[in-house]
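Coordinate analysis (summary)
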Amino acid sequence: MTGGVPPVVRLGHDLVRNFEALPPEKAAEELATHIKKFWEPRMRHELLARVRRGETDLHPLLVRAAEDLVDGDIDRSEVREPSGG
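From a predicted model like this one, the values you see are computed outputs, not experimental measurements. (Residues numbered from 1 in each chain as written. Predicted model: local features only at pLDDT ≥ 70, side-chain atom pairs only at ≥ 80, totals over all residues. Heavy atoms only, no water.)

1. Some thoughts on the overall build of the protein chain
Regarding its fold elements, the protein chain presents five helices and zero strands. Mapped from its N terminus to its C terminus, the protein chain presents α and β elements in the order α-α-α-α-α. Put simply, the protein chain has 85 residues, and 35% of those count as buried. Taking the contacts inside the protein chain whose residues are at least 6 apart along the sequence as the reference set, 69% of them involve residues at least 24 apart. Looking at the protein chain as shown, the accessible area adds up to about 5,300 Å², and 52% of this sits on carbon and sulfur atoms. (Helix = DSSP H or I, 4+ residues; strand = E, 2+ residues; numbered from the N terminus. Buried < 20%, exposed > 50% of the residue type's maximum accessible area, 1.4 Å probe, protein only. Contact = heavy atoms within 4.5 Å. Areas by Shrake-Rupley, 256 points an atom, 1.4 Å probe, with all protein chains shown as cover.)

2. Concerning the nonpolar core
Core analysis: the largest hydrophobic core is formed by 19 residues, its most contacted members being Leu-15, Leu-31, Ile-35, Trp-39, Leu-47, Leu-62 and Leu-69. Put simply, the parts of the chain that give this core at least two residues each are helix 1 (7-19), helix 2 (24-38), helix 3 (41-52) and helix 4 (60-66). Ranked by residues supplied to this core, first place goes to helix 1 with five residues. Residue contacts for Leu-62: discarding those within four places in its chain leaves Gly-12, His-13, Val-16, Leu-31, Ile-35 and Leu-47. (Core = buried A, V, L, I, M, F, W, Y, C linked by side-chain atoms within 4.5 Å.)

3. A few points about the packing of helix 1 against helix 3
Where helix 1 meets helix 3, the closest approach of the two axes is 10 Å, and the angle between their N-to-C directions is 90 degrees. In terms of orientation, helix 1 lies roughly perpendicular with respect to helix 3. Where helix 1 approaches helix 3, its residues Val-8, Val-9 and Leu-11 are matched on the opposing element by Met-43, Glu-46, Leu-47 and Arg-50. Residues belonging to the contact of helix 1 with helix 3 are distributed by class as follows: five nonpolar, no polar and two charged. (Axes fitted to C-alpha atoms, helices over the stretch in contact; angles between N-to-C directions. Parallel < 35°, antiparallel > 145°, perpendicular 65-115°, else oblique. Nonpolar A, V, L, I, M, F, W, Y, C, P; charged D, E, K, R; others polar.)

4. Regarding helix 2
For helix 2, which comprises 15 residues, the first-to-last C-alpha distance of 21 Å matches the rise-based estimate of 21 Å (1.5 Å per residue) to within 8%. Buried within helix 2 we find Ala-27, Ala-28, Glu-30, Leu-31, Ala-32, Thr-33, His-34, Ile-35, Lys-36 and Lys-37. (Expected span 1.5 Å × (residues − 1).)

5. Topic: the environment of Ile-35
Structurally, Ile-35 can be placed in helix 2. Sequence separation of Ile-35 and Ala-65 is 30 residues, and the distance between their C-alpha atoms is 8.7 Å.

6. As for the environment of His-34
In this fold, His-34 is placed in helix 2. Judged by relative accessible area, His-34 falls into the buried class, the value being 18%.

7. Some details on the pattern of salt bridges
The full count for this structure, using the stated rule, is eight salt bridges. Arg-17 serves as the salt-bridge partner of Asp-14, at 2.1 Å between the closest nitrogen and oxygen. One end of the pair, Asp-14, and the other, Arg-17, are both in helix 1, three residues apart, so they sit about a helical turn from each other. The exposed category is assigned to Arg-17, whose relative accessible area is 52%. Here Arg-42 and Glu-40 are joined by a salt bridge, their closest N and O atoms 2.9 Å apart. Each of Glu-46, Arg-50, Arg-53 and Glu-55 takes part in one network of salt bridges that share partners. (Salt bridge = Lys/Arg side-chain N within 4 Å of Asp/Glu carboxyl O.)

Here is the structure:
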C-alpha cells in the first residue's frame, strides 16, 4: 500500500463512528463483538498487531475494543446474535 490510511484502520474508525454515541465501555464491547463476528482472522490479527506495536493513529475506542480480542478466539454462540443491540 502506498500512503493513506491502512484498510483495517479505516474500517475500524468507520465502526467507531457507528458506536461512539454509546457510553465508552458499551461502545468498546459492541466494537469488539462486531469485529469478532464479521472481520476475517487476518484482519483481527492485523488490528491486534497494530495495537501491540502501540500505533498512535488508532482511535482509543478501537484500542479498547481490541483489548477484548484474542487471536483466533471467537465465540460461535455470539455469531448468531446481531451486533449493535
